[in-house]
Amino acid sequence: MKIVADLSRCVGAGQCVLTEPALFDQDPEDGTVVVLDEQPSGDLVRAAYDAVRVCPSQALSIEE
Ligand code: SF4
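Everything quoted here is computed from the prediction, not taken from an experiment.

Q: Please set out the side chain of Glu20 residue by residue, giving values where relevant.
A: Inspection of the secondary structure assignment puts Glu20 in the loop between α1 (15-19) and β2 (24-26). Buried charge without a salt bridge: Glu20, with Arg46 as the nearest opposite-charge side chain at an N-O distance of 10 Å. A polar side-chain atom of Glu20 sits 2.9 Å from the main-chain amide nitrogen of Ala22.

Q: Quick one: what's the story with the site of the ligand, residue by residue and with numbers?
A: Around the ligand, the structure places 13 residues, and the nearest of them are Cys10, Ala13, Gly14, Cys16 and Cys55. Of the residues belonging to the shell around the ligand, the class tally is 9 nonpolar, 4 polar and no charged.

The rules behind the values
Residues numbered from 1 in each chain as written. Predicted model: local features only at pLDDT ≥ 70, side-chain atom pairs only at ≥ 80, totals over all residues. Heavy atoms only, no water. Helix = DSSP H or I, 4+ residues; strand = E, 2+ residues; numbered from the N terminus. Buried < 20%, exposed > 50% of the residue type's maximum accessible area, 1.4 Å probe, protein only. Lys, Arg positive; Asp, Glu negative; His and termini not counted. Salt bridge = Lys/Arg side-chain N within 4 Å of Asp/Glu carboxyl O. Polar contact = N/O pair within 3.5 Å; in protein donor to acceptor, adjacent residues only side chain to side chain. Near = heavy atom within 4 Å. Nonpolar A, V, L, I, M, F, W, Y, C, P; charged D, E, K, R; others polar.

This is how it looks when you write it as structure tokens:
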């Protein structure tokens, strides 16, 4: 699986970072998401799906 971020949709809400700071950060300038680990494993896989679910702008998706 691979985390895909669509920066054109990201509104910088930061819900992904709150959900899993090991996977996501925010650009210091515009607040858009920075994916720290696009292909997580173990417990972080579930966290990645949680982040996709909580993102308010559907900016995150998972490629299988
Ligand atoms: S939760 Fe969604 S909109 Fe908010 S920073 Fe993360 S990817 Fe962007």
